[in-house]
Amino acid sequence: MRITPLLTEDVVDVLERQHSQIRGAFAKAALPGPGRRKAFENLVRLLAVHEAAEEAHVHPKAHRALAMGSAVTARRRREEKEAKELLTALWRTGPDCKGYLRKLTRLAAAVQRHAAREEREEFAALRQAVSARRLRLLAAEVRLTQWYAPTRPHRWVNNELTNKLAGPLFGPLDRGLDLARHLRAQLSGTG
Ligand SMILES: [Fe+2]
Ligand SMILES: [Fe+2]
């Protein structure tokens, strides 16, 4: 692991890089073929841990630090709720369901709109309002949360409190289920 970015990156660097990884993961999850399920599961995982950290740390910070913080973060939460509902529905039916590509495209559009608004209205303002040192510390908090955060969407885990209370419980549980699923796929020769 390279140490320098861990010390110099701020929370906006980390989250914007993840936005770009998520864009790439959507493109891979749309490809046909035997790798589609793995690509879909990777996309779900990226989205789940990304939003968990934003809900637990970034929106609360923006709410407190920005002049229009309450209005900006209320809009972001509404968008996240909409995307989470689409993601939960898609997670339940999986990549083999009828209409998968149509549902994936709808989810991708909702996530892209949301990410663009975060970057434009929230992240840029955070860089103006919050010290560089605090933004680097926030990056560390985001990384730590993502280390144990849930890897699947949980509808009611959607704000600072529920993420901080339920994240440490659901995260290990989800990761155990991910491992079991991976081992099953290996044993059946589809992994
Ligand atoms: Fe978000
Ligand atoms: Fe985001």
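See above for the structure.
A brief look at the structure comes next. Just so we're clear, the structure is a prediction, and the values are computed from it rather than from any experiment. (Residues numbered from 1 in each chain as written. Chains lettered and ligands numbered in written order. Predicted model: local features only at pLDDT ≥ 70, side-chain atom pairs only at ≥ 80, totals over all residues. Heavy atoms only, no water.)

## Describing the coordination of the iron ion (ligand 2)
Within the protein, the iron ion (ligand 2) binds to His19 (NE2), His50 (NE2), Glu54 (OE) and Glu118 (OE); these donor distances fall in the range 2.0 to 2.2 Å. Coordination geometry of the iron ion (ligand 2): the four donor atoms subtend angles of 80 to 175° at the metal centre, consistent with an arrangement described as irregular. Between consecutive donor residues of the iron ion (ligand 2), the sequence gaps follow H-x30-H-x3-E-x63-E. Between the two metals, the iron ion (ligand 2) and the iron ion (ligand 1), the spacing is 3.4 Å, and Glu54 donates to both. Highlighted residues: His50 in helix α3 (residues 36-65) and Glu118 in helix α5 (residues 100-129), separated in sequence by 68 residues. There is no split in this pair, since His50 and Glu118 are both buried. (Donors = N, O, S within 2.8 Å, 3.2 Å for Na, K, Ca; no water. Tetrahedral: all angles 85-135°; square planar, octahedral: opposite > 155°, others 65-115°. Helix = DSSP H or I, 4+ residues; strand = E, 2+ residues; numbered from the N terminus. Buried < 20%, exposed > 50% of the residue type's maximum accessible area, 1.4 Å probe, protein only.)

## Digging into the packing of aromatic side chains
According to the stated counting rule, one finds two aromatic pairs in the structure shown. Ring geometry for Phe40 against Trp91: centres 6.3 Å apart, planes inclined by 20°, an arrangement best described as stacked. You can see Phe40 sitting in helix α3 and its partner Trp91 sitting in helix α4 (residues 69-93), a full 51 residues away along the chain. For the pair Phe40 and Trp91, one class covers both residues: buried. On the numbers, 5.7 Å between centres and 80° between planes, the contact of Phe40 with Tyr100 is edge-to-face. Pair noted here: Phe40 is in helix α3 and Tyr100 is in helix α5, with a separation of 60 residues, a long-range link. (Phe/Tyr/Trp six-rings, centres within 6.5 Å; stacked < 30°, edge-to-face > 60°.)

## Details of the pattern of salt bridges
According to the stated counting rule, one finds 18 salt bridges in the structure shown. A salt bridge links Asp13 to Arg127, with the nearest nitrogen and oxygen atoms 2.9 Å apart. Within this pair, whereas Asp13 is found in helix α2 (residues 11-30), its partner Arg127 is found in helix α5, the two being separated by 114 residues in sequence. Overall, the relative accessible area of 31% leaves Asp13 in the partly exposed class. Judged by its relative accessible area of 40%, Arg127 is partly exposed. With its nearest N and O atoms 3.4 Å apart, the salt bridge here joins Glu55 to Lys84. In this pair, Glu55 sits in helix α3 while Lys84 sits in helix α4, placing the two residues 29 residues apart along the sequence. With respect to class, Glu55 is no different from Lys84; both count as buried. Within the structure, one salt-bridge network assembled from shared partners comprises Arg75, Arg76, Glu79, Arg117 and Glu121. (Salt bridge = Lys/Arg side-chain N within 4 Å of Asp/Glu carboxyl O.)

## Describing α2
The end-to-end C-alpha distance of α2, which contains 20 residues, comes to 29 Å, matching closely the 28 Å that a straight helix rising 1.5 Å per residue would cover. Listing the buried residues of α2 in full gives Val11, Val12, Val14, Leu15, Gln18, His19, Ile22, Ala25, Phe26 and Ala29. Projection of α2 onto a plane perpendicular to its axis shows the buried side chains occupying an angular sector of 150°, all on one side. In this structure, the buried residues of α2 make contact with α3, α5 and α6 (132-148). The backbone nitrogen of Val12 has a side-chain oxygen 3.0 Å away, supplied by the residue at the start of α2, namely Asp10. (Expected span 1.5 Å × (residues − 1). Arc of directions from axis to C-beta. Contact = heavy atoms within 4.5 Å. Polar contact = N/O pair within 3.5 Å; in protein donor to acceptor, adjacent residues only side chain to side chain.)

Note that all results are geometric; they support no functional claim without further evidence.
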